[in-house]
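# Fold and contact review
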Amino acid sequence: HGLAEEGGASEGPAAKSARTAGGAEEAAATGSELYYEEGGLQRVRPYFHKYAAHAKGRWVGRTVFDVFSREFRDRSTGYYEAAIERGLIEINGKRVTKDAVVQNNDLITHHIHRHEPPVTTQSVRVVTETAEGLLVVDKPASIPVHPSGRYNYNSVTQILETTHGFKKVFPANRLDRLTSGLLLVGLNAAVARRLEQGLRHHRIQKEYVCKVAGNFPRERVVCDEPIRVVAHKLGLNCVDRAQGKPSLTEFQWLCDDGAQSIVYCRPKTGRTHQIRVHLQYLGYPIANDPLYHNAEVWGRQMGKGGALPAVAETDGSSAAGPDKPSAPAEPRPTKMVGKRDDDKCNETWRHLVARMAEWKDKQNQAEHDRYAAAATDGSGVCGVCECPMMPDPTPDELCIWLHAWRYSGRGWSHETEFPAWAQGAAALMDAVKYRPEDGSLSPSPSPSPSPGSN
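Figured I'd write up the structure that's included with this text. Just so we're clear, the structure is a prediction, and the values are computed from it rather than from any experiment.

This next bit is on the overall build of the protein. A count of helices and strands for the protein gives 7 helices and 24 strands. Buried positions account for 48% of the 454 residues belonging to the protein. Pairs at least 24 residues apart make up 64% of the contacts formed inside the protein by residues separated by at least 6 positions. In the form shown here, the protein has an accessible surface area of approximately 21,800 Å², with 49% of it arising from carbon and sulfur atoms.

At a minimum axis separation of 9 Å, helix H1 (residues 64-71) and helix H2 (residues 77-86) run at an interaxial angle of 145°. Between H1 and H2 the crossing geometry is right-handed. On H2, the residues touching Val 64, Phe 65, Phe 68 and Ser 69 of H1 are Thr 77, Tyr 80, Glu 81 and Ile 84. Tallied by class, the residues present in the contact of H1 with H2 amount to 5 nonpolar, 2 polar and 1 charged.

Let us look at empty space enclosed by the protein. Scanning all chains against the criterion turns up 3 cavities of 30 Å³ or more. Estimated volume of the largest cavity: approximately 80 Å³. Taken together, 12 residues make up the lining of the largest cavity; nearest its centre are Cys 238, Val 239, Gln 280, Gly 303 and Gly 306. Listing elements by their share of the lining of the largest cavity, those giving two or more residues are strand E17 (236-239) and helix H5 (274-282). A per-element tally of the lining of the largest cavity places H5 first, with 3 residues. Looking at the lining of the largest cavity residue by residue, the classes come out as 8 nonpolar, 3 polar and 1 charged.

What follows concerns the side chain of His 115. As for its placement among the helices and strands, His 115 is situated in the loop between strand E9 (107-114) and strand E10 (125-129). Take His 115: its relative accessible area is 15%, and that puts it in the buried class. In terms of polar contacts, His 115 uses its side chain to reach the side chain of His 113, at 3.3 Å. Not counting residues within four places of it along the chain, the set of residues in contact with His 115 comprises Pro 46, Cys 382, Cys 385, Met 389 and Met 390.

Here the second largest pocket defines a volume of roughly 500 Å³. Forming the boundary of the second largest pocket are 21 residues, of which Gln 122, Pro 140, Ala 141, Ser 180 and Pro 419 lie nearest the centre. Considered class by class, the residues forming the lining of the second largest pocket number 10 nonpolar, 7 polar and 4 charged.

What the rule picks out here adds up to 18 salt bridges. Here Arg 58 ties to Glu 71 by a salt bridge, and the two come within 3.1 Å at their closest N and O atoms. Pair noted here: Arg 58 is in the loop between strand E6 (47-54) and H1 and Glu 71 is in helix H1, with a separation of 13 residues, a long-range link. Under the relative-accessibility criterion, Glu 71 is labelled partly exposed at 25%. In this structure, Glu 207 and Arg 406 form a salt bridge, with 2.8 Å as the shortest nitrogen-oxygen distance.

What follows concerns the environment of Trp 405. Relative to the helices and strands, Trp 405 is located in strand E20 (residues 402-409). Exposure remark for Trp 405: the relative accessible area of 4% places this residue in the buried category. Along the sequence, Trp 405 and Ser 180 sit 225 residues apart, while their C-alpha atoms lie 8.6 Å from each other. Ignoring anything within four residues of it in the chain, the contact list for Trp 405 reads Leu 182, Glu 207, Tyr 208, His 414, Glu 415, Thr 416, Phe 418, Met 429 and Lys 433.

Right, let's talk about the side chain of Gln 252 for a bit. Along the chain, Gln 252 falls in strand E18 (residues 249-256). Judged by its relative accessible area of 12%, Gln 252 falls in the buried class. A polar atom in the side chain of Gln 252 sits 3.1 Å from the backbone oxygen of Arg 218. When residues no more than four places from it in sequence are discounted, the contact partners of Gln 252 are Arg 218, Glu 219, Arg 220, Val 263, Tyr 264 and Val 432.

We now examine the pairing of strand E4 (residues 35-38). As defined by bridge partners, E4 adjoins strand E5 (residues 41-44) across 4 bridges and the pair is classed as antiparallel. Directly across from Glu 38, in E5, lies its bridge partner Leu 41. The hairpin formed by E4 and E5 contains 2 residues between the paired strands, and Gly 39 there has a positive phi angle of roughly 65°.

Under the criterion given, the structure shown has 9 aromatic pairs. When the centroid spacing of 5.0 Å and the interplanar angle of 80° are considered together, the rings of Tyr 47 and Tyr 153 count as edge-to-face. Taken together, the residues span a long stretch of sequence, with Tyr 47 in strand E6 and Tyr 153 in the loop between strand E11 (134-139) and helix H3 (156-162) at a distance of 106 residues. Between Trp 405 and Phe 418, the aromatic rings sit 6.0 Å apart at their centres with planes inclined by 85°, giving edge-to-face as the arrangement.

All of the buried residues in H2 are Tyr 79, Tyr 80, Ala 83 and Ile 84. Relative to the axis of H2, the buried residues are bounded by an arc of 130° and lie together on one face. On its buried face, H2 is in contact with H1, strand E7 (89-91) and E9. Gly 87 occupies a position one or two residues after H2 and carries a positive phi of about 90°.

On to the pairing of strand E21 (residues 412-415), then. Examined bridge by bridge, E20 and E21 share 4 bridges and lie antiparallel to one another. From the neighbouring strand, Ser 408 faces E21, where its bridge partner is Ser 413. Taking the residues between adjacent antiparallel strands as the criterion, E20 and E21 are bridged by 2 residues, where Gly 411 takes a positive phi near 90°.

Quick look at unusual backbone geometry now. Even without being a glycine, Asn 92 presents a positive backbone phi close to 55°. Take Asn 92: it is sitting in the loop between E7 and strand E8 (94-95). Accessibility expressed as a relative area gives 43% for Asn 92, which makes it partly exposed. The phi dihedral of His 273 is positive, around 60°, even though this residue is not glycine.

Criteria and thresholds
Residues numbered from 1 in each chain as written. Predicted model: local features only at pLDDT ≥ 70, side-chain atom pairs only at ≥ 80, totals over all residues. Heavy atoms only, no water. Helix = DSSP H or I, 4+ residues; strand = E, 2+ residues; numbered from the N terminus. Buried < 20%, exposed > 50% of the residue type's maximum accessible area, 1.4 Å probe, protein only. Contact = heavy atoms within 4.5 Å. Areas by Shrake-Rupley, 256 points an atom, 1.4 Å probe, with all protein chains shown as cover. Axes fitted to C-alpha atoms, helices over the stretch in contact; angles between N-to-C directions. Left-handed = near helix turned anticlockwise from the far one by under 90°. Nonpolar A, V, L, I, M, F, W, Y, C, P; charged D, E, K, R; others polar. 1 Å grid on protein atoms, 1.4 Å probe; cavity = no way out; pocket = protein on both sides within 12 Å on 5 of 7 lines; lining within 4 Å. Points joined across faces, edges and corners; volume = space filled by probe spheres on them. Polar contact = N/O pair within 3.5 Å; in protein donor to acceptor, adjacent residues only side chain to side chain. Salt bridge = Lys/Arg side-chain N within 4 Å of Asp/Glu carboxyl O. Pairing = 2+ DSSP bridges. Phe/Tyr/Trp six-rings, centres within 6.5 Å; stacked < 30°, edge-to-face > 60°. Arc of directions from axis to C-beta.

Limitation: the analysis is restricted to geometry and does not speak to function.
Structure below.
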(Lines give C-alpha, C1' and ligand atoms only; values in the text may rest on other atoms or scores of the structure.)
Protein backbone atom coordinates (compact mmCIF):
# COMPACT_ATOMS: atom_id res chain seq x y z
CA HIS A 1 0.00 0.00 0.00
CA GLY A 2 2.52 2.58 -1.09
CA LEU A 3 4.22 4.03 1.97
CA ALA A 4 2.46 1.75 4.44
CA GLU A 5 5.78 0.35 5.59
CA GLU A 6 7.01 3.82 6.47
CA GLY A 7 4.08 4.72 8.72
CA GLY A 8 1.65 7.55 8.22
CA ALA A 9 -1.41 9.40 9.44
CA SER A 10 -4.96 8.42 8.71
CA GLU A 11 -7.16 11.28 7.61
CA GLY A 12 -10.28 9.16 8.06
CA PRO A 13 -13.22 8.74 5.77
CA ALA A 14 -14.52 12.25 6.43
CA ALA A 15 -11.20 14.06 5.90
CA LYS A 16 -10.32 16.07 2.83
CA SER A 17 -7.87 13.54 1.49
CA ALA A 18 -9.37 12.26 -1.73
CA ARG A 19 -7.18 13.94 -4.34
CA THR A 20 -8.45 14.17 -7.87
CA ALA A 21 -7.46 16.13 -10.95
CA GLY A 22 -9.75 18.90 -9.74
CA GLY A 23 -8.34 19.04 -6.20
CA ALA A 24 -9.47 17.70 -2.82
CA GLU A 25 -12.86 16.28 -2.09
CA GLU A 26 -14.40 14.79 1.02
CA ALA A 27 -14.80 11.06 1.38
CA ALA A 28 -18.45 10.23 1.90
CA ALA A 29 -18.65 7.65 4.66
CA THR A 30 -18.86 8.88 8.25
CA GLY A 31 -20.23 7.48 11.51
CA SER A 32 -22.94 4.89 10.99
CA GLU A 33 -22.31 4.96 7.24
CA LEU A 34 -18.80 3.60 7.75
CA TYR A 35 -19.75 -0.01 8.49
CA TYR A 36 -22.11 -2.26 6.58
CA GLU A 37 -22.87 -5.99 6.37
CA GLU A 38 -22.74 -7.99 3.17
CA GLY A 39 -22.18 -11.65 2.46
CA GLY A 40 -22.24 -12.53 6.16
CA LEU A 41 -19.32 -10.20 6.99
CA GLN A 42 -18.89 -6.74 8.47
CA ARG A 43 -17.25 -4.41 5.99
CA VAL A 44 -15.82 -0.91 5.96
CA ARG A 45 -16.59 1.35 3.04
CA PRO A 46 -13.36 2.14 1.17
CA TYR A 47 -11.84 5.49 2.07
CA PHE A 48 -8.78 7.60 1.37
CA HIS A 49 -5.85 7.37 3.77
CA LYS A 50 -2.58 9.32 3.76
CA TYR A 51 0.76 7.61 4.20
CA ALA A 52 3.84 9.80 4.61
CA ALA A 53 7.59 9.22 4.86
CA HIS A 54 10.82 11.15 4.44
CA ALA A 55 12.94 9.95 1.55
CA LYS A 56 15.28 7.06 2.26
CA GLY A 57 18.86 7.31 1.13
CA ARG A 58 18.40 4.83 -1.68
CA TRP A 59 15.51 6.90 -3.09
CA VAL A 60 17.55 10.09 -3.47
CA GLY A 61 18.37 10.89 -7.09
CA ARG A 62 15.67 8.63 -8.51
CA THR A 63 12.38 9.75 -10.03
CA VAL A 64 9.31 9.49 -7.86
CA PHE A 65 7.77 7.11 -10.39
CA ASP A 66 10.82 4.84 -10.26
CA VAL A 67 10.72 4.80 -6.44
CA PHE A 68 7.07 3.74 -6.26
CA SER A 69 7.09 1.29 -9.17
CA ARG A 70 10.20 -0.51 -7.91
CA GLU A 71 9.91 -0.20 -4.12
CA PHE A 72 6.18 -0.77 -3.69
CA ARG A 73 5.04 -3.55 -5.99
CA ASP A 74 1.64 -4.23 -4.48
CA ARG A 75 0.19 -1.99 -7.21
CA SER A 76 0.87 -1.76 -10.92
CA THR A 77 3.12 0.74 -12.66
CA GLY A 78 0.02 2.01 -14.45
CA TYR A 79 -1.61 2.76 -11.10
CA TYR A 80 1.40 4.78 -9.89
CA GLU A 81 1.61 6.72 -13.16
CA ALA A 82 -2.06 7.68 -12.86
CA ALA A 83 -1.78 8.41 -9.12
CA ILE A 84 1.07 10.88 -9.70
CA GLU A 85 -0.86 12.57 -12.48
CA ARG A 86 -3.98 12.88 -10.29
CA GLY A 87 -2.06 14.31 -7.35
CA LEU A 88 -2.50 11.27 -5.11
CA ILE A 89 1.30 11.11 -4.74
CA GLU A 90 3.01 14.36 -3.71
CA ILE A 91 6.43 15.62 -2.67
CA ASN A 92 6.54 18.19 0.12
CA GLY A 93 2.81 18.72 -0.22
CA LYS A 94 2.99 19.67 -3.90
CA ARG A 95 1.87 17.94 -7.05
CA VAL A 96 4.70 16.71 -9.25
CA THR A 97 5.26 14.93 -12.54
CA LYS A 98 6.42 11.34 -12.80
CA ASP A 99 9.91 12.56 -13.73
CA ALA A 100 10.38 14.61 -10.53
CA VAL A 101 13.63 13.61 -8.83
CA VAL A 102 13.55 12.79 -5.12
CA GLN A 103 15.88 14.93 -3.04
CA ASN A 104 17.37 14.33 0.40
CA ASN A 105 14.83 14.84 3.22
CA ASP A 106 11.86 15.20 0.85
CA LEU A 107 8.50 14.35 2.43
CA ILE A 108 6.65 11.96 0.16
CA THR A 109 2.95 11.34 0.67
CA HIS A 110 0.57 8.88 -0.90
CA HIS A 111 -3.20 9.33 -0.59
CA ILE A 112 -4.29 5.75 -1.08
CA HIS A 113 -7.80 4.39 -1.54
CA ARG A 114 -7.89 1.91 1.32
CA HIS A 115 -9.86 -1.34 1.34
CA GLU A 116 -9.97 -2.99 4.77
CA PRO A 117 -10.47 -6.75 5.12
CA PRO A 118 -13.95 -7.75 6.28
CA VAL A 119 -14.50 -9.32 9.71
CA THR A 120 -17.21 -11.29 11.49
CA THR A 121 -20.62 -9.72 11.98
CA GLN A 122 -20.57 -10.66 15.68
CA SER A 123 -20.74 -7.48 17.73
CA VAL A 124 -18.01 -6.10 19.96
CA ARG A 125 -20.05 -6.38 23.15
CA VAL A 126 -19.61 -4.34 26.33
CA VAL A 127 -19.95 -6.81 29.23
CA THR A 128 -19.44 -4.32 32.07
CA GLU A 129 -18.73 -0.62 32.48
CA THR A 130 -17.83 0.64 35.96
CA ALA A 131 -17.95 4.12 37.45
CA GLU A 132 -14.18 3.92 37.96
CA GLY A 133 -13.59 3.75 34.20
CA LEU A 134 -13.19 0.00 33.63
CA LEU A 135 -14.69 -1.42 30.46
CA VAL A 136 -14.94 -5.21 30.08
CA VAL A 137 -15.40 -6.10 26.40
CA ASP A 138 -16.18 -9.38 24.62
CA LYS A 139 -14.06 -9.41 21.46
CA PRO A 140 -15.15 -11.64 18.57
CA ALA A 141 -12.52 -13.58 16.66
CA SER A 142 -11.20 -12.00 13.42
CA ILE A 143 -11.11 -8.43 14.80
CA PRO A 144 -7.73 -7.03 15.93
CA VAL A 145 -7.59 -5.07 19.18
CA HIS A 146 -5.69 -2.11 17.72
CA PRO A 147 -5.41 -0.75 14.17
CA SER A 148 -2.61 -2.62 12.45
CA GLY A 149 -1.60 -3.58 8.94
CA ARG A 150 -4.62 -3.45 6.66
CA TYR A 151 -7.03 -3.08 9.61
CA ASN A 152 -8.00 0.34 10.91
CA TYR A 153 -11.72 0.92 11.47
CA ASN A 154 -12.31 -2.83 11.68
CA SER A 155 -10.51 -2.95 15.06
CA VAL A 156 -11.86 -3.09 18.59
CA THR A 157 -10.63 0.34 19.64
CA GLN A 158 -12.05 2.02 16.55
CA ILE A 159 -15.38 0.18 16.82
CA LEU A 160 -15.73 1.19 20.48
CA GLU A 161 -14.97 4.81 19.67
CA THR A 162 -16.91 4.99 16.40
CA THR A 163 -20.06 2.97 17.11
CA HIS A 164 -20.25 2.79 20.93
CA GLY A 165 -19.51 6.46 21.48
CA PHE A 166 -16.49 6.20 23.79
CA LYS A 167 -14.21 9.19 23.38
CA LYS A 168 -10.95 7.26 23.88
CA VAL A 169 -10.22 3.72 25.02
CA PHE A 170 -7.02 2.16 26.39
CA PRO A 171 -6.86 -1.67 26.19
CA ALA A 172 -4.85 -3.14 29.07
CA ASN A 173 -4.35 -6.60 27.57
CA ARG A 174 -4.11 -7.88 24.04
CA LEU A 175 -5.62 -10.83 22.25
CA ASP A 176 -4.51 -12.12 18.88
CA ARG A 177 -6.80 -11.14 16.02
CA LEU A 178 -8.04 -14.71 15.60
CA THR A 179 -8.62 -15.24 19.35
CA SER A 180 -11.97 -14.35 20.91
CA GLY A 181 -12.92 -13.37 24.45
CA LEU A 182 -12.56 -10.79 27.18
CA LEU A 183 -10.57 -7.59 27.01
CA LEU A 184 -9.97 -5.27 29.96
CA VAL A 185 -10.13 -1.69 28.73
CA GLY A 186 -9.53 1.57 30.56
CA LEU A 187 -11.55 4.63 29.70
CA ASN A 188 -8.52 6.68 30.68
CA ALA A 189 -4.78 6.04 30.76
CA ALA A 190 -4.58 5.84 34.57
CA VAL A 191 -7.10 2.98 34.77
CA ALA A 192 -5.32 1.16 31.94
CA ARG A 193 -1.99 1.46 33.78
CA ARG A 194 -3.49 -0.02 36.95
CA LEU A 195 -4.93 -2.92 34.98
CA GLU A 196 -1.62 -3.52 33.23
CA GLN A 197 0.17 -3.58 36.59
CA GLY A 198 -2.38 -6.04 37.96
CA LEU A 199 -1.78 -8.33 35.01
CA ARG A 200 2.00 -7.94 35.15
CA HIS A 201 2.14 -8.77 38.87
CA HIS A 202 -0.38 -11.63 38.59
CA ARG A 203 -3.01 -9.93 40.73
CA ILE A 204 -5.45 -10.50 37.85
CA GLN A 205 -5.96 -14.11 36.81
CA LYS A 206 -6.76 -15.14 33.23
CA GLU A 207 -8.72 -18.24 32.23
CA TYR A 208 -9.20 -19.57 28.71
CA VAL A 209 -10.90 -22.45 26.96
CA CYS A 210 -9.69 -24.09 23.75
CA LYS A 211 -10.26 -27.04 21.43
CA VAL A 212 -7.19 -29.17 20.77
CA ALA A 213 -6.30 -32.07 18.49
CA GLY A 214 -6.29 -35.46 20.19
CA ASN A 215 -7.48 -36.89 23.51
CA PHE A 216 -6.03 -34.63 26.17
CA PRO A 217 -5.05 -36.35 29.47
CA ARG A 218 -7.88 -36.46 32.00
CA GLU A 219 -5.70 -35.28 34.90
CA ARG A 220 -4.49 -31.74 35.45
CA VAL A 221 -1.35 -30.93 33.41
CA VAL A 222 1.17 -28.20 34.13
CA CYS A 223 3.62 -27.01 31.45
CA ASP A 224 6.50 -24.83 32.63
CA GLU A 225 8.68 -24.87 29.53
CA PRO A 226 10.40 -21.50 28.83
CA ILE A 227 9.38 -19.66 25.67
CA ARG A 228 11.30 -17.37 23.36
CA VAL A 229 10.59 -15.35 20.24
CA VAL A 230 12.35 -17.12 17.38
CA ALA A 231 11.26 -14.87 14.50
CA HIS A 232 9.53 -11.66 15.50
CA LYS A 233 8.51 -10.64 11.99
CA LEU A 234 6.91 -14.03 11.37
CA GLY A 235 5.22 -14.11 14.78
CA LEU A 236 6.99 -17.39 15.60
CA ASN A 237 7.57 -18.45 19.22
CA CYS A 238 8.99 -21.70 20.54
CA VAL A 239 10.00 -23.56 23.67
CA ASP A 240 13.71 -23.00 24.32
CA ARG A 241 15.17 -24.25 27.59
CA ALA A 242 18.47 -22.44 27.07
CA GLN A 243 17.24 -18.91 26.36
CA GLY A 244 13.47 -18.91 26.76
CA LYS A 245 11.69 -16.79 29.37
CA PRO A 246 10.00 -18.52 32.33
CA SER A 247 6.48 -19.59 31.38
CA LEU A 248 3.80 -21.55 33.21
CA THR A 249 0.36 -22.74 32.08
CA GLU A 250 -2.11 -25.05 33.85
CA PHE A 251 -4.43 -27.21 31.76
CA GLN A 252 -7.49 -29.29 32.64
CA TRP A 253 -9.42 -31.63 30.35
CA LEU A 254 -13.14 -30.87 30.16
CA CYS A 255 -14.51 -33.24 27.52
CA ASP A 256 -13.66 -34.85 24.17
CA ASP A 257 -15.29 -36.53 21.19
CA GLY A 258 -12.55 -39.07 20.56
CA ALA A 259 -10.69 -36.86 18.08
CA GLN A 260 -10.61 -33.42 19.70
CA SER A 261 -10.75 -32.18 23.29
CA ILE A 262 -12.09 -29.10 25.01
CA VAL A 263 -9.46 -27.93 27.50
CA TYR A 264 -9.45 -25.32 30.26
CA CYS A 265 -6.28 -23.18 30.34
CA ARG A 266 -4.89 -20.92 33.02
CA PRO A 267 -1.68 -19.07 32.04
CA LYS A 268 0.33 -17.89 35.05
CA THR A 269 2.71 -15.86 32.88
CA GLY A 270 2.01 -13.76 29.80
CA ARG A 271 4.36 -14.76 27.00
CA THR A 272 3.28 -14.20 23.41
CA HIS A 273 1.34 -17.24 22.10
CA GLN A 274 2.02 -18.97 25.45
CA ILE A 275 -1.05 -21.24 25.48
CA ARG A 276 -0.60 -22.14 21.81
CA VAL A 277 3.11 -22.91 22.19
CA HIS A 278 2.68 -24.97 25.37
CA LEU A 279 -0.16 -27.01 23.87
CA GLN A 280 1.96 -27.71 20.79
CA TYR A 281 4.85 -28.80 23.00
CA LEU A 282 2.56 -31.16 24.92
CA GLY A 283 1.45 -32.73 21.64
CA TYR A 284 -2.09 -31.31 21.64
CA PRO A 285 -2.02 -28.16 19.47
CA ILE A 286 -5.16 -26.09 19.00
CA ALA A 287 -6.91 -28.04 16.28
CA ASN A 288 -7.33 -25.20 13.76
CA ASP A 289 -4.22 -23.20 14.63
CA PRO A 290 -2.64 -22.22 11.28
CA LEU A 291 0.71 -21.47 12.92
CA TYR A 292 1.36 -24.22 15.48
CA HIS A 293 -0.72 -27.07 14.01
CA ASN A 294 0.89 -26.93 10.58
CA ALA A 295 2.79 -29.99 9.32
CA GLU A 296 4.10 -28.01 6.35
CA VAL A 297 6.11 -25.92 8.80
CA TRP A 298 6.72 -28.29 11.74
CA GLY A 299 6.86 -31.72 10.10
CA ARG A 300 5.04 -34.85 11.23
CA GLN A 301 5.79 -34.47 14.92
CA MET A 302 4.23 -30.99 14.84
CA GLY A 303 6.67 -29.63 17.41
CA LYS A 304 5.76 -32.15 20.12
CA GLY A 305 8.35 -32.23 22.87
CA GLY A 306 10.32 -29.51 21.09
CA ALA A 307 11.06 -31.61 17.98
CA LEU A 308 12.09 -29.50 15.02
CA PRO A 309 11.47 -30.52 11.40
CA ALA A 310 14.18 -32.60 9.71
CA VAL A 311 17.04 -30.74 8.04
CA ALA A 312 18.60 -32.13 4.85
CA GLU A 313 22.30 -32.90 5.16
CA THR A 314 24.58 -30.52 3.27
CA ASP A 315 27.33 -33.10 2.61
CA GLY A 316 25.24 -35.21 0.23
CA SER A 317 24.25 -37.84 2.79
CA SER A 318 20.63 -38.78 3.35
CA ALA A 319 18.36 -36.42 5.24
CA ALA A 320 17.19 -37.08 8.77
CA GLY A 321 13.89 -38.90 9.10
CA PRO A 322 10.73 -36.78 9.10
CA ASP A 323 10.07 -37.55 12.76
CA LYS A 324 13.61 -37.04 13.97
CA PRO A 325 14.34 -33.82 15.88
CA SER A 326 16.90 -31.72 14.06
CA ALA A 327 18.63 -30.69 17.30
CA PRO A 328 19.25 -32.26 20.70
CA ALA A 329 16.26 -31.92 23.00
CA GLU A 330 18.31 -31.23 26.14
CA PRO A 331 19.15 -28.34 25.82
CA ARG A 332 19.51 -26.83 22.34
CA PRO A 333 22.34 -24.39 21.65
CA THR A 334 20.55 -21.15 20.90
CA LYS A 335 23.05 -18.34 21.29
CA MET A 336 21.90 -15.44 19.17
CA VAL A 337 23.99 -12.60 17.76
CA GLY A 338 21.47 -9.78 17.65
CA LYS A 339 18.89 -8.43 20.07
CA ARG A 340 16.07 -9.42 17.74
CA ASP A 341 15.87 -13.18 17.35
CA ASP A 342 15.04 -12.92 13.67
CA ASP A 343 17.92 -10.54 12.90
CA LYS A 344 20.67 -13.16 13.27
CA CYS A 345 19.05 -16.57 13.48
CA ASN A 346 21.47 -19.38 14.33
CA GLU A 347 21.58 -22.77 12.66
CA THR A 348 19.33 -24.47 15.23
CA TRP A 349 16.33 -22.37 14.24
CA ARG A 350 17.27 -21.31 10.70
CA HIS A 351 15.59 -24.27 9.00
CA LEU A 352 12.34 -23.81 10.94
CA VAL A 353 12.27 -20.09 10.22
CA ALA A 354 12.92 -20.78 6.52
CA ARG A 355 10.03 -23.27 6.41
CA MET A 356 7.73 -20.75 8.10
CA ALA A 357 8.80 -17.99 5.69
CA GLU A 358 8.25 -20.30 2.71
CA TRP A 359 4.79 -21.24 3.97
CA LYS A 360 3.86 -17.58 4.47
CA ASP A 361 5.13 -16.78 0.98
CA LYS A 362 2.81 -19.47 -0.37
CA GLN A 363 -0.11 -17.93 1.49
CA ASN A 364 0.74 -14.51 0.08
CA GLN A 365 1.00 -15.94 -3.43
CA ALA A 366 -2.34 -17.69 -3.04
CA GLU A 367 -3.91 -14.40 -1.97
CA HIS A 368 -2.29 -12.64 -4.93
CA ASP A 369 -3.71 -15.29 -7.25
CA ARG A 370 -7.17 -14.76 -5.74
CA TYR A 371 -6.82 -11.03 -6.41
CA ALA A 372 -5.78 -11.68 -9.98
CA ALA A 373 -8.69 -14.05 -10.57
CA ALA A 374 -11.14 -11.47 -9.21
CA ALA A 375 -9.74 -8.84 -11.56
CA THR A 376 -9.77 -10.98 -14.72
CA ASP A 377 -13.15 -9.89 -16.01
CA GLY A 378 -13.11 -6.43 -14.42
CA SER A 379 -15.97 -7.17 -12.01
CA GLY A 380 -13.56 -7.48 -9.07
CA VAL A 381 -11.85 -4.12 -9.67
CA CYS A 382 -12.50 -0.98 -7.62
CA GLY A 383 -14.05 1.76 -9.70
CA VAL A 384 -12.13 4.46 -7.82
CA CYS A 385 -8.55 3.20 -7.62
CA GLU A 386 -8.82 0.49 -10.33
CA CYS A 387 -7.20 -2.08 -8.03
CA PRO A 388 -8.43 -5.67 -7.62
CA MET A 389 -10.91 -6.06 -4.76
CA MET A 390 -9.80 -8.04 -1.75
CA PRO A 391 -11.15 -11.62 -1.69
CA ASP A 392 -13.31 -12.48 1.32
CA PRO A 393 -11.70 -14.61 4.04
CA THR A 394 -12.84 -18.19 4.33
CA PRO A 395 -14.50 -19.31 7.61
CA ASP A 396 -11.23 -21.04 8.61
CA GLU A 397 -9.42 -17.71 8.30
CA LEU A 398 -11.71 -15.95 10.78
CA CYS A 399 -10.83 -17.67 14.06
CA ILE A 400 -8.82 -20.17 16.03
CA TRP A 401 -10.41 -22.23 18.78
CA LEU A 402 -9.02 -20.24 21.69
CA HIS A 403 -11.25 -18.07 23.87
CA ALA A 404 -10.42 -15.77 26.82
CA TRP A 405 -13.27 -16.77 29.11
CA ARG A 406 -12.73 -15.09 32.48
CA TYR A 407 -10.64 -12.51 34.36
CA SER A 408 -10.71 -12.34 38.13
CA GLY A 409 -9.02 -10.89 41.19
CA ARG A 410 -9.62 -11.12 44.90
CA GLY A 411 -13.31 -10.43 45.37
CA TRP A 412 -14.29 -9.87 41.72
CA SER A 413 -14.55 -11.63 38.38
CA HIS A 414 -15.88 -11.01 34.87
CA GLU A 415 -16.65 -13.67 32.31
CA THR A 416 -18.21 -14.09 28.90
CA GLU A 417 -20.27 -16.75 27.18
CA PHE A 418 -18.60 -19.75 25.59
CA PRO A 419 -18.15 -19.68 21.81
CA ALA A 420 -20.26 -22.05 19.70
CA TRP A 421 -17.40 -24.56 19.29
CA ALA A 422 -17.20 -25.06 23.09
CA GLN A 423 -20.82 -24.75 24.20
CA GLY A 424 -21.01 -28.32 25.45
CA ALA A 425 -18.27 -27.66 28.02
CA ALA A 426 -19.75 -24.54 29.62
CA ALA A 427 -21.50 -26.48 32.39
CA LEU A 428 -18.23 -28.16 33.37
CA MET A 429 -16.30 -25.00 34.19
CA ASP A 430 -17.52 -24.57 37.75
CA ALA A 431 -15.59 -27.65 38.82
CA VAL A 432 -12.23 -26.39 37.53
CA LYS A 433 -12.30 -22.60 37.49
CA TYR A 434 -10.00 -20.42 39.57
CA ARG A 435 -11.23 -19.52 43.08
CA PRO A 436 -10.09 -15.98 43.94
CA GLU A 437 -10.79 -16.51 47.64
CA ASP A 438 -8.19 -19.27 48.00
CA GLY A 439 -5.99 -18.56 44.99
CA SER A 440 -6.28 -22.03 43.50
CA LEU A 441 -8.07 -24.15 40.98
CA SER A 442 -10.88 -26.32 42.24
CA PRO A 443 -10.33 -29.21 42.43
CA SER A 444 -6.51 -29.17 42.47
CA PRO A 445 -5.04 -32.66 42.17
CA SER A 446 -1.28 -33.14 41.95
CA PRO A 447 -0.01 -31.79 38.64
CA SER A 448 1.28 -34.08 35.96
CA PRO A 449 4.75 -33.07 34.70
CA SER A 450 4.92 -31.95 31.10
CA PRO A 451 6.88 -34.10 28.61
CA GLY A 452 10.61 -33.53 28.78
CA SER A 453 10.54 -31.87 32.20
CA ASN A 454 12.32 -34.73 34.00
